[in-house]
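Each chain, letter by letter, is given below.
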Amino acid sequence: MSALTARVFRLPDLGEGLTEAGLVQWLVAVGDTITTDQPIAEVETAKSVVELPSPFAGVVIALHGSPGDTIDVGAPVLEVADAAASDAHEAYRTEERAGSGNVLIGYGTSERGATGRRRRPAARPGAPTVTPDLSSAAPDTPVTTPEIGDPRISRTIPPTASENRTIIRNSDAEAAARRPVAVRSPLVRRLARDLGLDVRLIAPTGADGAITRADVLRAAVDHAVDGVTAAASAPVEGGPAASALESDARIDGLAVRSRTRMSPLRKAANATLSRSRAEIPEATVWVDVDATALWNARAEMAPEGGRAPSITALIARFVLIALEDHPLLASRLSPDASEVIEFEGVNLGIAADTPRGLMVPVIPHADALSAADLDAALRELAGTARGGTMPPERLRGSTFTLNNYGGFGVDGSAAIINHPDVAILGLGRILERPWVVEGEIVARRIAQLSLVFDHRVCDGGYAASFLRRVVELIEHPLRAFGRV
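One structure accompanies this document, and this report is about it. Note that this is a predicted model, so its numbers are computed, not measured.

Cut-offs used in this document
- Residues numbered from 1 in each chain as written.
- Predicted model: local features only at pLDDT ≥ 70, side-chain atom pairs only at ≥ 80, totals over all residues.
- Heavy atoms only, no water.
- Helix = DSSP H or I, 4+ residues; strand = E, 2+ residues; numbered from the N terminus.
- Buried < 20%, exposed > 50% of the residue type's maximum accessible area, 1.4 Å probe, protein only.
- Contact = heavy atoms within 4.5 Å.
- Areas by Shrake-Rupley, 256 points an atom, 1.4 Å probe, with all protein chains shown as cover.
- Expected span 1.5 Å × (residues − 1).
- Axes fitted to C-alpha atoms, helices over the stretch in contact; angles between N-to-C directions.
- Parallel < 35°, antiparallel > 145°, perpendicular 65-115°, else oblique.
- Left-handed = near helix turned anticlockwise from the far one by under 90°.
- Salt bridge = Lys/Arg side-chain N within 4 Å of Asp/Glu carboxyl O.

1. Some points on the overall build of the chain
Then comes step 1: Helices and strands together make up the secondary structure of the chain, namely ten helices and 24 strands.
Then comes step 2: Burial status across the chain gives 40% buried among its 484 residues.
Then comes step 3: Sequence separation of 24 or more characterises 61% of the internal contacts of the chain that already satisfy a separation of 6 or more.
Then comes step 4: When the accessible surface of the chain is totalled, it reaches about 25100 Å², and 52% of it is carbon and sulfur.

2. Remarks on helix 10 (residues 460-475)
Then comes step 1: Between its first and last C-alpha atoms helix 10 spans 22 Å; for 16 residues at 1.5 Å apiece the expected length is 22 Å, and the two agree.
Then comes step 2: Every buried residue belonging to helix 10 is among Ala463, Phe466, Leu467, Arg469, Val470, Val471, Leu473 and Ile474, and all of these are buried.

3. Let's talk about the packing of helix 8 (residues 311-325) against helix 10
Then comes step 1: Look at helix 8 against helix 10: their axes get within 9 Å of each other, and the N-to-C directions meet at 140°. Classified by the angle their axes make, helix 8 and helix 10 are oblique. The two elements helix 8 and helix 10 cross, and the hand of that crossing is right-handed. Side by side, helix 8 and helix 10 meet where Ile315, Phe318, Val319, Ile321, Ala322, Leu323 and Asp325 of the first sit next to Tyr462, Phe466, Arg469, Val470, Leu473 and Ile474 of the second.

4. A closer look at the pattern of salt bridges
Then comes step 1: This structure, assessed with the given rule, holds twelve salt bridges.
Then comes step 2: The partner of Asp375 in a salt bridge is Arg379, with the nearest N and O atoms 3.0 Å apart. In this pair, Asp375 and Arg379 are both assigned in helix 9 (residues 371-386), four residues apart and thus about one turn of the helix distant.
Then comes step 3: We classify Arg379 as partly exposed; its relative accessible area is 37%.
Then comes step 4: A salt bridge links Glu472 to Arg479; the nearest nitrogen and oxygen atoms lie 3.2 Å apart.
Then comes step 5: The class for Glu472 is partly exposed, based on a relative accessible area of 26%.
Then comes step 6: Residues joined in a network through salt bridges with shared partners are Asp411, Arg429 and Arg433.

Next comes the structure, spelled out in structure tokens:
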């Protein structure tokens, strides 16, 4: 085996600002012979589940990680040994530099300039991360990292073989409070503030020591999953943070049943939801609607040998008709919230519950589609989203969101607006209920509609007008004849 050349495949830059991926399953095993571009694993990003192809051909001699583990960009994925693989590897590297290689199915590569930003090397799995004291170092003086056995270092959480833990000097909390913080983006600083994190205590990984959005999200996840905040990395003796860390098996007197790391999708969703709640002054209007006429008319819409459009598709079409007269609800605010940006057309987001969590795939230019076209698009989106194969570009760009939570057996919901949208319409279950029609109590199919909107964009009267228009079309579907 001495003649074999072992090569380490590290997780490539996935693009889209993604910094990690969750390992779903291995498609190869140690001892297997693989070829270049052969899928070796399925990984879950914040966008979708994709196959990871190997840039090397040869014999697999090591796999790094188990299903469920999170792999950082730049961290080892697997090792391949093959005495004759150097030519294939060089061809791969040449192709990658040219921007035509298939680094990750669903992402591809992009041409990089010679002055592109360099990433810091990722930590070795199982090895602790060391945060040096930068406050006392001169600007041009290299910082010396203490050895792991240095008695000045204290662990915040007992280490395990499968997790990286942050190591910090006892004096770093006070030093961090005095040192300047490199936060290039105001949005990153705002995100940290909204999540209750002190940016001075977040370990930076960006260029020139800058704190990135990924650093803030990582610190927030550590807070949520491990029960400690970034500010508690160096707990004060006798303080509340110290008592919370007295035992890894018990927290506040309760035994810990389990700890589950959040998936990349959940982390991304949490960031979007947190930003929406923090930035948008939302308001809600709701109304009960008699959907009996629509329910009965739908049964007559099925072509011979075909199926009728779904209720969701028909209501989506009515929503798009109503948005023609209420375009503000399908607009966006400029980054500084000083302008309202209106669009020609609507990109309709559809909230979808999947085994991986909530997704909002987008139907572009949905206003130009008929109810039948919308029905076909909705069925395709649902299948792709639940299968975990939704490409990232189909999960962004919405200007209005429709959420049919009636399938969960509930009537209403205080939905959260899908930032940067300014409104979301929710549809509850359609049930037979007693309803007064021309002075008589009869059984009718009733549903509740709830509209959550950004109060900066419009007032309640405008939102109510939109909702009444949708109700009118649901209760009198023939009024939309020729436009459905």
